[in-house]
Amino acid sequence: MNPSAGHPRRWQILNILCLSLVLIGLDTLILNLALPSIQKDLDATSSQLQWMVDSYALAFGGLLLMAGGLSDRFGRKRLLSVGLGAFALTSLGAAFASNAEMLITFRALMGISAALMMPATLAIIKDVFPREEQGKAIGIWSGAAAVGVPLGPLVSGLLLEHFWWGSMFLINVPLAAIALIGGAKLIPESKAEGHPGLDIVGALLSVAGLVAIVYGLVEAPHNGWGDVITLGSLFLGVVLMVALSYGSGRPPIRCSTSACSSTPATAAVPWPSPARPSVCTAACTC
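Now for a quick tour of the structure.

Parameters at a glance
- Residues numbered from 1 in each chain as written.
- Predicted model: local features only at pLDDT ≥ 70, side-chain atom pairs only at ≥ 80, totals over all residues.
- Heavy atoms only, no water.
- Phe/Tyr/Trp six-rings, centres within 6.5 Å; stacked < 30°, edge-to-face > 60°.
- Helix = DSSP H or I, 4+ residues; strand = E, 2+ residues; numbered from the N terminus.
- Buried < 20%, exposed > 50% of the residue type's maximum accessible area, 1.4 Å probe, protein only.
- Lys NZ or Arg CZ within 6 Å of the ring centre and 35° of its normal.
- Contact = heavy atoms within 4.5 Å.
- Core = buried A, V, L, I, M, F, W, Y, C linked by side-chain atoms within 4.5 Å.
- Axes fitted to C-alpha atoms, helices over the stretch in contact; angles between N-to-C directions.
- Parallel < 35°, antiparallel > 145°, perpendicular 65-115°, else oblique.
- Nonpolar A, V, L, I, M, F, W, Y, C, P; charged D, E, K, R; others polar.
- Left-handed = near helix turned anticlockwise from the far one by under 90°.

## With respect to the packing of aromatic side chains
Then comes step 1: Applying the stated rule across the entire model yields 4 aromatic pairs.
Then comes step 2: A ring pair is formed by tryptophan 51 and tyrosine 215, whose centres lie 5.8 Å apart and whose planes are at 20 degrees; its orientation type is stacked. In this pair, tryptophan 51 sits in helix α3 (residues 46-74) while tyrosine 215 sits in helix α9 (residues 200-223), placing the two residues 164 residues apart along the sequence.
Then comes step 3: Residue tryptophan 51 is classed as partly exposed on the basis of its relative accessible area, which comes to 25%.
Then comes step 4: Lying across the ring of phenylalanine 74, arginine 73 places its NZ or CZ 5.2 Å from the centre.

Right, dumping it as structure tokens:
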């Protein structure tokens, strides 16, 4: 592939990446309309219902930064494929969950699978598109990410009119399979050149910090913004992320590629390591 010309089938690849993003967004709110049916069938408490919704976002947000480093280290196509396969399997498990605890567990595993997929999609765009087309491609990528979330309640409402609540998860299986097969045929493998290796301490700090922040954000509407647990979680998350950014004792290196200006905030968070002050995640080159 000529880097200046881009991959000859880059727009077909973008379709696969957008489908993966729609899947991720779709399951963010797809469960809301089905909660009364789930509560009746699984005899779930109000707290369990809350965690069925929140566990997905908590796992997704908490592991997103680390997943970017994994895709750089082990390959973007590989992480995307693993994420899609795991998303399909965990969706199947969620569809046939027999109790509330099982459904919460599968929802959390779906969030982990989604976190593996998300950073890889953006990095693949940078790999297969020439610089002059990356802005347009990332704009389409952003649109797909935004479309998936509001589609969730619409799709769930249509399915609940004709099927049981598990059908909301079963719909993920064929969509993930299409993206997985298409990606295997079209997407080239890529890794970060000269990757210094994973920083275990940095990885743990990033996961703990983001989990604390996301936990505070998802619990705030239920407990209130002035609640001790909400404020404590947010404060702890900020402290851990500051420790992550300045753990090396030097300011983080800023990313300078054009793709970074269009990426989500989480995509540019530094990942300190002993070898370098920071390593930008999948989409950026320092």
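## Some details on the side chain of serine 113
Then comes step 1: One can find serine 113 in helix α5 (residues 100-128).
Then comes step 2: For serine 113, a relative accessible area of 3% translates into the label buried.
Then comes step 3: Those residues in contact with serine 113 that lie beyond four places of it in its chain are Gly83, Ala86, Phe87 and Thr90.

## Examining the nonpolar core
Then comes step 1: Residues Ile38, Met52 and Leu103 are the most contacted members of the largest nonpolar core, which totals 58 residues.
Then comes step 2: Broken down by secondary-structure element, the contributors of at least two residues to this core are α1 (10-29), α2 (35-42), α3, α4 (76-95), α5, α6 (131-160), α7 (167-170) and α8 (172-186).
Then comes step 3: Top contributing element to this core by residue count: α5, with 13 residues.
Then comes step 4: For methionine 52, the contacting residues outside a window of four places in its chain are Leu31, Ile38, Leu42, Ala44, Ala100, Leu103, Ile104 and Arg107.

## Points about the side chain of glutamine 50
Then comes step 1: Inspection of the secondary structure puts glutamine 50 in helix α3.
Then comes step 2: Aside from chain neighbours lying at most four places away, what touches glutamine 50 is Glu219 and His222.

## A short note on the packing of α3 against α4
A packed helix pair is summarised by two numbers, namely the angle formed by the two axes and the spacing between the axes.
Then comes step 1: Running from N to C, α3 and α4 cross one another at 150 degrees; their axes reach a closest spacing of 8 Å. Of the possible angle classes, the one that applies to α3 and α4 is roughly antiparallel. Here α3 contributes Tyr56, Leu70, Ser71, Asp72 and Phe74 to the contact with α4, which in turn contributes Arg76, Arg78, Leu79 and Phe87.
Then comes step 2: Across the contact of α3 with α4, the residue classes break down as 5 nonpolar, 1 polar and 3 charged.

## Some words on the packing of α1 against α5
Then comes step 1: Where α1 meets α5, the closest approach of the two axes is 10 Å, and the angle between their N-to-C directions is 155 degrees. One finds that α1 runs roughly antiparallel with respect to α5. The chirality of how α1 crosses α5 is left-handed. Residue-level inspection shows Arg10, Ile13, Leu14, Leu17, Ser20, Leu21, Ile24, Asp27 and Thr28 of α1 in contact with α5, the latter providing Arg107, Met110, Ala114, Met117, Met118, Thr121, Ile124, Ile125 and Val128.
Then comes step 2: Across the contact of α1 with α5, the residue classes break down as 12 nonpolar, 3 polar and 3 charged.

Honestly, it's all geometry; don't read function into it.
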